[in-house]
Amino acid sequence: AKLLLKSAKMQPNPFLIRHHFDDIDDFSQTARAWNLNIDQLERGKFKADLLQFGTRDVVIAHADFYPGTYQRGEPPAGLKTFAILADPLCHLTWRRKKIPANAVMAFPPDAELDAVSQRGKFEIFTLSFTDELLADVCQSLGFREEKKLLNTKGVIAVKAQVMNELRLFLHQISSELRERMVKIKILPRTYELEFNLARNLLTALSCSQEKMPRRHLRTRDIALKRVEDYLEAFPNLPHTVRDICRVASVSERTMEYAFRERLGISPKSYLLAKRLNGVRRELKNGDPVSTTITNLATQWGFWHMGQFAKDYRKFFGELPSETIGKKKLKSQRV
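In this text the structure is predicted, and so the values were computed from the model without any measurement.

A. Layout of the nonpolar core. Core analysis: the biggest nonpolar cluster contains 36 residues, and Val104, Phe129, Leu170 and Leu197 have the highest contact counts within it. For this core, the leading source of residues is helix 6 (residues 187-206), giving eight residues. Apart from the residues within four sequence positions on either side, Leu197 is in contact with Val58, Ile60, Leu127, Phe129, Phe169, Leu170 and Ile173. Ile17, Trp34, Leu50 and Leu92 belong to the second-largest nonpolar core, a separate cluster that totals 31 residues.

Here it is as C-alpha cells:
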C-alpha cells in the first residue's frame with residue numbers, strides 16, 4: 001500500500017516505445033536510457049522488435065532480434081539492471097559466461113554491457129530499478145536478507161520452476177503494455193506495475209541456487225581482450241589473423257579456439273564482419289551526396305569492389321548501393 005500511495009512524489013510521465021526495426025543502428029539508438037553499440041556477427045538481414053516502458057523508478061524492455069550480434073555499451077545510469085532470457089532456447093554469452101535458461105544476469109555497478117547472441121533469433125527481458133524502489137519492496141515483503149538481495153551481482157542460477165513463473169509473468173506484462181497502455185499511464189496503475197516487477201524479480205532471487213562460479217581469466221580471455229583493444233584503436237585496417245595473433249602473443253590455434261568459444265565464429269570471419277559493419281555505418285551516416293562506395297570501401301581495406309559487393313550482400317541482404325540509396329531517399333523526404 002505504501003508504494004501505491006507515493007503519488008506525492010514528483011514523477012515524470014511514463015514513456016513507451018513499440019517499434020519494429022530493419023536497421024541495427026536505429027535499434028541501438030532508439031533503446032532509451034541504454035548506451036548501445038551492436039555489431040552484426042552472422043549473415044542475414046537484420047530484424048528486431050523493441051518494447052520499452054519506463055518511469056522514474058523502472059525501465060523494462062522486451063527485445064528480440066536476428067541474426068547473431070555482439071552487444072557492447074552501458075545499461076541505464078543510476079539504476080540497478082537485471083536481464084533474463086525471454087526464450088529459454090536462446091544462446092547468449094554474457095560477460096564471457098554462457099548463460100543457462102534459468103539464470104538472472106545482475107549487472108555489477110558501473111558495468112559495461114558485454115554480450116554475444118548466436119544461432120539466429122535472440123529474445124531477452126531487461127529490468128532496471130532505482131535502489132530506493134528495490135529497498136522499499138524488500139521491506140514491504142519482509143525479506144530477511146535484504147542487503148544480500150540488493151547487492152546481488154553476476155550470474156544467479158534460479159530454480160527452474162521459479163524462473164518459468166518469472167518468465168511467464170514478464171511475457172504477460174509485455175502483452176499488457178502492448179495492448180493496454182492507456183491504463184498503464186494511470187498513476188496508481190503505474191505504481192502497481194513497478195511494485196509487481198520488483199516483487200517478482202526479488203522473489204525469484206530469494207529462491208536462487210548458489211551463484212555460478214567465477215571463471216579465472218585464461219590465456220584465451222586475455223588474448224581476446226588485447227585483440228579487442230587493438231581493433232578499437234585501429235578499426236578500419238585490413239587486419240589478418242596473423243596480425244592479431246602477434247598482438248596477443250598467442251598461436252593461431254589458440255586464437256581460433258578463443259573466438260569460437262566467445263563469439264561462435266572464426267577470427268577471420270569476425271575481422272571481415274567488423275569491417276563490413278564499419279562500412280555500413282559510414283554509408284548510412286555520411287553525406288548522401290558526397291559519399292562514394294568505392295572511397296569508403298577502400299578506407300576500410302576492401303580493394304576488390306566486386307568481391308566487396310558480394311560479401312556485403314551476403315552479410316546484410318542488400319547491396320551497398322541499396323544502403324546508400326535508403327539514406328538519399330530519407331534525406332529527400334526530410
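B. Molecular detail of the side chain of His239. Structurally, His239 is set in the loop between helix 7 (219-233) and helix 8 (241-248). Engagement of the side chain of His239 in a polar contact is seen with the backbone oxygen of Phe234, the distance being 2.6 Å. The contact partners of His239, leaving out residues within four places of it in the chain, are Tyr230, Leu231, Phe234, Ile244 and Leu271.

C. Expanded view of the packing of aromatic side chains. Summed over all chains, the structure comprises 15 aromatic pairs. Note on Phe21 and Phe27: the rings are 5.5 Å apart at their centroids and 90 degrees apart in plane angle, and the pair reads as edge-to-face. With centroids separated by 5.4 Å and ring planes inclined at 45 degrees, the aromatic side chains of Phe259 and Tyr270 adopt a geometry described as tilted. In this pair, Phe259 sits in helix 9 (residues 252-263) while Tyr270 sits in helix 10 (residues 267-285), placing the two residues 11 residues apart along the sequence. Residue classification places Phe259 among the buried residues on the basis of a relative accessible area of 1%.

D. Main features of the packing of helix 8 against helix 9. For the pair helix 8 and helix 9, the least separation of the axes is 9 Å and the interaxial angle reads 95 degrees. Taken together, the axis directions place helix 8 and helix 9 in an arrangement best described as roughly perpendicular. On helix 9, the residues touching Val241, Arg242, Ile244, Cys245 and Ala248 of helix 8 are Glu252, Met255 and Phe259. When its residues are assigned to classes, the contact of helix 8 with helix 9 shows six nonpolar, no polar and two charged.

E. Examining the sheet that holds strand 5 (residues 69-74) more closely. Taken in spatial order, the five strands make up an open sheet running 2-5-10-7-8, and their pairing is antiparallel. Both outer strands of the open sheet, strand 2 (35-40) and strand 8 (97-98), are each paired with one neighbouring strand and no more. Two strands pair when backbone bridges link them, and strand 7 (residues 91-94) and strand 8 are joined in this way by two bridges, in the antiparallel orientation. Among the inter-strand pairings, Thr93 is bridged to a residue of strand 8, identified as Lys98.

F. View of the side chain of Asn196. Residue position: Asn196 is located in helix 6. Here the side chain of Asn196 touches Arg199 through a polar contact of 3.0 Å, side chain to side chain.

G. Spatial organisation of helix 10. The end-to-end C-alpha separation of helix 10 is 27 Å, in line with the 27 Å expected for 19 residues at 1.5 Å each. Judged by how many residues are buried, helix 10 sits mostly within the fold: 14 of 19 residues are covered.

H. Representation of the pattern of salt bridges in the model. This model, assessed by the stated rule, comprises 21 salt bridges. A salt bridge links Asp25 to Lys284, with the shortest nitrogen-to-oxygen separation between them at 2.7 Å. Residue Asp25 is located in helix 1 (residues 24-30), and its partner Lys284 is located in helix 10; the two are separated by 259 residues in the primary sequence. The partner of Asp39 in a salt bridge is Arg281, and the shortest N-O contact between them spans 2.8 Å. With a gap of 242 residues between them, Asp39 in strand 2 and Arg281 in helix 10 connect regions that are remote in the sequence. An identical accessibility class is assigned to Asp39 and Arg281; each is buried. When salt bridges that share partners are traced, they join Asp23, Asp25, Asp39, Lys45, Arg72, Glu232, Lys274, Arg280, Arg281, Lys284 and Glu318 into one network.

I. Up close: the pairing of strand 4 (residues 58-66). Burial analysis of strand 4 places eight of its nine residues in the buried class, the great majority of the element. Examined bridge by bridge, strand 3 (residues 47-54) and strand 4 share eight bridges and lie antiparallel to one another. Looking at the pairing, Leu51 lines up with His62 of strand 4. In terms of strand pairing, strand 4 meets strand 11 (residues 122-129) through eight bridges, oriented antiparallel. Pairing of Ala63 across the sheet is with Ile124, part of strand 11.

J. Region of interest: helix 9. End to end, helix 9 covers 16 Å across 12 residues, agreeing with the expected 16 Å (1.5 Å per residue, within 8%). Taken together, the buried positions of helix 9 are Met255, Ala258, Phe259, Arg262 and Leu263. The buried residues of helix 9 occupy an angular sector of 95 degrees when the element is viewed end-on, so they sit on one face. Against strand 5, strand 7, strand 10 (113-118), helix 7, helix 8 and helix 10 lie the buried residues of helix 9. Looking one or two residues past helix 9, Gly264 carries a phi angle of roughly 80 degrees, positive in sign.

Conventions we followed
- Just so you know, the residues in each chain are numbered from 1, in the order the chain's sequence is written.
- Residues qualify for local features only when their pLDDT is at least 70, as the model is predicted, and side-chain atom pairs are given and counted only at 80 or more; totals for whole chains, interfaces and linings, by contrast, use all residues.
- Note: side-chain values were computed over all heavy atoms of the structure, leaving out hydrogens and water.
- Put simply, a nonpolar core is a bunch of buried Ala, Val, Leu, Ile, Met, Phe, Trp, Tyr and Cys residues held in one set by side-chain atoms that sit within 4.5 Å of each other.
- Per-residue accessibility, obtained with a 1.4 Å probe over protein chains only, is compared with the maximum for each type, and a residue is labelled buried under 20%, exposed over 50%, and partly exposed between these values.
- In this text, helices come from DSSP runs of H or I with a minimum length of four residues, and strands from runs of E with a minimum of two, each type numbered from the N-terminal end.
- Contacts are assigned to residue pairs that have any heavy atoms within 4.5 Å of one another.
- Any pair of nitrogen or oxygen atoms within 3.5 Å is treated as a polar contact; in protein, a donor-acceptor pairing is required on top of that, and neighbouring residues in sequence qualify only through side-chain atoms on both sides.
- Aromatic rings from Phe, Tyr and Trp, with only the six-membered ring used for Trp, were paired whenever their centres fell within 6.5 Å, and each pair was classed as stacked if the ring planes differed by under 30 degrees, edge-to-face if by over 60, and tilted otherwise.
- Here, axes are lines fitted to C-alpha atoms. For helices the fit covers the stretch in contact, and angles between N-to-C directions go from 0 to 180 degrees.
- For classification purposes, an angle smaller than 35 degrees is called roughly parallel, one larger than 145 roughly antiparallel, one from 65 to 115 roughly perpendicular, and anything else oblique.
- Any residue that is not Ala, Val, Leu, Ile, Met, Phe, Trp, Tyr, Cys, Pro, Asp, Glu, Lys or Arg is counted as polar, Gly included; the first ten are nonpolar and the last four charged.
- In this description, strands pair whenever DSSP reports at least two bridges between them.
- Expected helix span is taken as 1.5 Å per residue step, with the number of steps being one fewer than the number of residues.
- Salt bridge, as applied in this entry: a Lys or Arg side-chain nitrogen positioned within 4 Å of an Asp or Glu carboxyl oxygen.
- When we speak of the arc, we mean the arc of directions from the helix axis to the C-beta atoms.

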